[in-house]
Amino acid sequence: MLVFVLIIYFSVCLIVGLYVWLSYHIKKKYLNFILENSITLAEVKKINTQYHFYVLISYDERHTYDNEKFYEAISCADYLIYQLQFTKTKIITEINKAKYNRNHIETYYQEIKKIEHFGYFRREIGKLKKDKLIKMEKELFNKMILRPETLYKVKIQLILTKMSGQFVKRKEQIFLANQIEIFIHDLNQKEGNFFLNKSIWDAICRVERGKVTNKMRFFIYNRDGYRCRRCGKRGDSNNLEIDHILPISKGGKSIVGNLQTLCESCNKLKGTKVIRY
Ligand SMILES: [Zn+2]
């Protein structure tokens, strides 16, 4: 009985193996014939060498907040505007590449359309099946057509985690080139270090303020001994605040050297003055 089962088993394996091997070789034979003899594919190859399309580089951004207040206050647009201060030149280059692709793709497709005829080969097809040849030729044709990106987009993703790094939630938004160009135009309206467009300036300030992570906040409290640097009052994270010595509204940054611990009333008193206590 066992011998009988084994014989059946090996026979089936042999037949399946043979079938796979045969179909692989037949497919290869068809493929080689098409690649060597298809008049249409040779034309596509020729046209492809005459066109140059750009590959676009992505400037998607992803940022993690460990402070829910900042995560809620800062929109994806705010974050993009902030980043554009540093990436705008590179992003404009990508937008222009996409425009170039868009301007040339139509002519390319028109040329391709003109040569879209299948089943014409340089040699007799012999014993090969014509319908199978045409089907595979069409597949190859579709693979060879160039499909450059013609639209530039930037995806911004903001993530909220707990201080431990545990994921809480996220939000994301995709910005198209025309929207990005408006932001860049507004960013370019500057007087010294200040942006003339108020909504741009507000967005940048919100993101800058949000750069004080909870980790940084506790580092500053610790450094200052959990005391207000002005009046010396002791406190904890509920009644102590982090103050920007050079206020954000005056171009101050959220870096350790520009931060100090103040109690709520001393912080109010200081306002937007520049005082290191
Ligand atoms: Zn105080």
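Everything below is about the structure shown above.
As the structure is a prediction and not an experimental result, all values here were calculated from the model.

**Observations concerning the packing of aromatic side chains**
Now for step 1: This model, assessed by the stated rule, comprises 14 aromatic pairs.
Now for step 2: For the ring pair Tyr9 and Phe10, a centre distance of 5.4 Å and an interplane angle of 70° mean the geometry is edge-to-face.
Now for step 3: The class for Tyr9 is partly exposed, based on a relative accessible area of 49%.
Now for step 4: Pairwise contacts between aromatic rings join Tyr51, Phe53, Tyr108 and Tyr109 into one cluster.
Now for step 5: Above the ring of Tyr30, the side-chain terminus of Lys132 is found at 4.8 Å from the ring centroid.
Now for step 6: The ring centre of Tyr71 lies 4.4 Å from the NZ or CZ of Lys171, which sits over that ring.

**Structural notes on the coordination of the zinc ion**
Now for step 1: Cys228 (SG), Cys231 (SG), Cys263 (SG) and Cys266 (SG) make up the full set of protein donors to the zinc ion, lying at 2.2 to 2.4 Å.
Now for step 2: For the zinc ion, the 4 donor atoms in the first shell make angles of 101 to 115° at the metal, a pattern classed as tetrahedral.
Now for step 3: As a motif over one chain, the donors of the zinc ion read C-x2-C-x31-C-x2-C. In this pair, Cys231 sits in the loop between α8 (214-223) and β6 (240-244) while Cys263 sits in strand β7 (residues 259-263), placing the two residues 32 residues apart along the sequence.
Now for step 4: The exposure class assigned to Cys231 is partly exposed, which follows from its relative accessible area of 45%.

**Section: the side chain of Ser254**
Now for step 1: As for its placement among the helices and strands, Ser254 is situated in the loop between β6 and β7.
Now for step 2: Polar contacts involving the side chain of Ser254 include one to the main-chain carbonyl oxygen of Glu208, which spans 2.5 Å.
Now for step 3: Here the side chain of Ser254 touches His244 through a polar contact of 2.9 Å, side chain to side chain.
Now for step 4: Each residue touching Ser254, except ones within four places of it in the same chain, is listed here: Glu208, Arg209, Lys211, Val212, Met216, His244 and Ile248.

**Points about the packing of helix α1 (residues 2-37) against helix α5 (residues 130-144)**
Now for step 1: Two elements in contact, α1 and α5, have axes separated by 10 Å at closest approach and are oriented at 65°. Between α1 and α5, the angle falls in the class roughly perpendicular. At the point where α1 passes α5, the crossing takes the right-handed sense. Residues Ile26, Lys27, Tyr30, Leu31, Phe33, Ile34 and Leu35 of α1 form the contact with α5, whose participating residues are Lys132, Leu133, Met136, Glu137 and Leu140.
Now for step 2: Considered class by class, the residues forming the contact of α1 with α5 number 9 nonpolar, no polar and 3 charged.

**Comments concerning the side chain of Asp224**
Now for step 1: Summarising the element assignment, Asp224 is placed in the loop between α8 and β6.
Now for step 2: Residue Asp224 is classed as buried on the basis of its relative accessible area of 10%.
Now for step 3: A distance of 2.7 Å separates the side chain of Asp224 from the side chain of Thr261, its partner in a polar contact.

**As for α8**
Now for step 1: For α8, the set of buried residues is Asn214, Met216, Arg217, Ile220 and Tyr221. Taken down its axis, α8 places every buried residue within 160° of arc, on the same side. Within α8, the exposed residues directed more than 90 degrees away from the buried face are Lys215 and Asn222.
Now for step 2: Contacts from the buried residues of α8 go to α3 (68-73), β6 and β7.

**A look at helix α7 (residues 198-209)**
Now for step 1: For α7, with 12 residues, the first-to-last C-alpha span of 16 Å sits near the 16 Å given by 1.5 Å per residue.
Now for step 2: For α7, the set of buried residues is Ile200, Trp201, Ala203, Ile204, Cys205, Val207 and Glu208.
Now for step 3: In this fold, the buried residues of α7 make contact with β1 (61-65), α4 (76-114), α6 (177-187) and β5 (194-195).

**As for the packing of helix α2 (residues 39-50) against α4**
Now for step 1: Taken N-terminus to C-terminus, the directions of α2 and α4 make an angle of 165°; their axes are 10 Å apart at the nearest point. Overall, the two elements α2 and α4 adopt an arrangement that is roughly antiparallel. Once α2 is placed against α4, the crossing between them reads as right-handed. Residues Val44, Ile47, Asn48 and Gln50 of α2 form the contact with α4, whose own contacting residues are Tyr108, Glu111 and Ile112.
Now for step 2: A breakdown of the residues in the contact of α2 with α4 according to their chemical character gives 4 nonpolar, 2 polar and 1 charged.

Cut-off values and rules
Residues numbered from 1 in each chain as written. Predicted model: local features only at pLDDT ≥ 70, side-chain atom pairs only at ≥ 80, totals over all residues. Heavy atoms only, no water. Phe/Tyr/Trp six-rings, centres within 6.5 Å; stacked < 30°, edge-to-face > 60°. Buried < 20%, exposed > 50% of the residue type's maximum accessible area, 1.4 Å probe, protein only. Lys NZ or Arg CZ within 6 Å of the ring centre and 35° of its normal. Donors = N, O, S within 2.8 Å, 3.2 Å for Na, K, Ca; no water. Tetrahedral: all angles 85-135°; square planar, octahedral: opposite > 155°, others 65-115°. Helix = DSSP H or I, 4+ residues; strand = E, 2+ residues; numbered from the N terminus. Polar contact = N/O pair within 3.5 Å; in protein donor to acceptor, adjacent residues only side chain to side chain. Contact = heavy atoms within 4.5 Å. Axes fitted to C-alpha atoms, helices over the stretch in contact; angles between N-to-C directions. Parallel < 35°, antiparallel > 145°, perpendicular 65-115°, else oblique. Left-handed = near helix turned anticlockwise from the far one by under 90°. Nonpolar A, V, L, I, M, F, W, Y, C, P; charged D, E, K, R; others polar. Arc of directions from axis to C-beta. Expected span 1.5 Å × (residues − 1).

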